[in-house]
Amino acid sequence: MNKEIVYALLAALSFGIAPVFEKLGLARTDPALALFIRASVTTMLVTSFLVTSGKAHLFRTTDVQSLVFVVLGGVFGVLFAQFFYFKALQYGEIGRVMPIVGGFPVIAYFFSIIVFGESVTITKMIGVVLVVAGVLLLGDTKGS
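Keep in mind that this is a model prediction, so the values were computed, not measured.

Caption draft 1: Looking closely at helix α6 (residues 104–116). The end-to-end C-alpha separation of α6 is 17 Å, in line with the 18 Å expected for 13 residues at 1.5 Å each. By the burial criterion, the buried members of α6 are Val106, Tyr109 and Ser112. On an axial view of α6, the arc spanned by its buried residues comes to 120°, and they lie on one face. Exposed positions of α6 whose direction lies more than 90 degrees from the buried face are Phe104, Ile107, Phe111, Ile114 and Val115. Next to the buried residues of α6 lie α7 (122–138). The positive-phi residue at the C-terminal boundary of α6 is Gly117, with phi of around 70°.

Next up, the structure:
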């Protein structure tokens, strides 16, 4: 198995476990505070990693345009996405919230077509339909 698959599976496992802890934590914690705590812990851990691995110097080699894009990714992918995700978890069931949140690859795919000109193929469109169907099926609270 190649590295991209291993890391993707580890990410999926982590994303699958995290909502359980987050739902438990949100039972008595405001989503904004939970987001702050989560971001603070992440910042401390990543900073420690950069310093101990000798990669702190990389801050000096990052160009402004790349920095702006990464910051915008953080604003949307961490700040907005995580806050709205925490609010959804606070009010909803994990089994209903996660399939909807997990539908983000469809949105990312459509943006990749617009921004990067990625190809539209029948196989990819079938994948989009299947993801949407999966979101609808997993989010169904009226089913058996």
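Now that the structure is up, let's keep going.
Caption draft 2: Representation of the packing of aromatic side chains. Inspection of every chain in the model, using the stated rule, returns five aromatic pairs. With a centroid separation of 5.6 Å and 35° between ring planes, the pair formed by Tyr85 and Phe86 is classed as tilted. Judged by centre distance (5.8 Å) and plane angle (45°), the rings of Tyr109 and Phe110 are tilted. On the basis of relative accessible area, Tyr109 is assigned to the buried category, the value being 11%. Following the ring pairs from residue to residue traces out a cluster consisting of Phe76, Phe80, Phe83 and Phe84.

Caption draft 3: Representation of the packing of helix α1 (residues 3–26) against helix α4 (residues 64–91) in the model. At a minimum axis distance of 9 Å, the contact between α1 and α4 shows a crossing angle of 70°. Between α1 and α4, the angle falls in the class roughly perpendicular. The two elements α1 and α4 meet at a crossing, and its hand is right-handed. Residues Ala18, Pro19, Glu22, Lys23 and Leu26 of α1 form the contact with α4, whose participating residues are Tyr85, Phe86, Leu89 and Gln90. Counted by class, the contact of α1 with α4 contains six nonpolar, one polar and two charged residues.

Caption draft 4: Here's a closer look at the layout of surface pockets. Reported here for the largest pocket is a volume of approximately 600 Å³. Every residue lining the largest pocket is counted, 19 residues in all, and those nearest its centre are Ala81, Gln82, Val101, Gly102 and Phe104. Of all the elements in the fold, those that place two or more residues in the lining of the largest pocket are α1, α4, α5 (94–101) and α6. In terms of residue count, α4 provides more of the lining of the largest pocket than any other element does, six residues in total. Here the lining of the largest pocket is composed, by residue class, of 13 nonpolar, four polar and two charged. One number sums up the size of the second largest pocket: a volume of about 350 Å³. Along its surface, the second largest pocket is lined by 14 residues, and Ala39, Thr42, Thr43, Val46 and Val78 are the ones closest to its centre. Contributions of two or more residues to the lining of the second largest pocket are made by α2 (31–52) and α4. In terms of residues, the lining of the second largest pocket owes the most to one element, α2, which gives nine residues.

What counts and what doesn't
- Residues numbered from 1 in each chain as written.
- Predicted model: local features only at pLDDT ≥ 70, side-chain atom pairs only at ≥ 80, totals over all residues.
- Heavy atoms only, no water.
- Helix = DSSP H or I, 4+ residues; strand = E, 2+ residues; numbered from the N terminus.
- Expected span 1.5 Å × (residues − 1).
- Buried < 20%, exposed > 50% of the residue type's maximum accessible area, 1.4 Å probe, protein only.
- Arc of directions from axis to C-beta.
- Contact = heavy atoms within 4.5 Å.
- Phe/Tyr/Trp six-rings, centres within 6.5 Å; stacked < 30°, edge-to-face > 60°.
- Axes fitted to C-alpha atoms, helices over the stretch in contact; angles between N-to-C directions.
- Parallel < 35°, antiparallel > 145°, perpendicular 65-115°, else oblique.
- Left-handed = near helix turned anticlockwise from the far one by under 90°.
- Nonpolar A, V, L, I, M, F, W, Y, C, P; charged D, E, K, R; others polar.
- 1 Å grid on protein atoms, 1.4 Å probe; cavity = no way out; pocket = protein on both sides within 12 Å on 5 of 7 lines; lining within 4 Å.
- Points joined across faces, edges and corners; volume = space filled by probe spheres on them.

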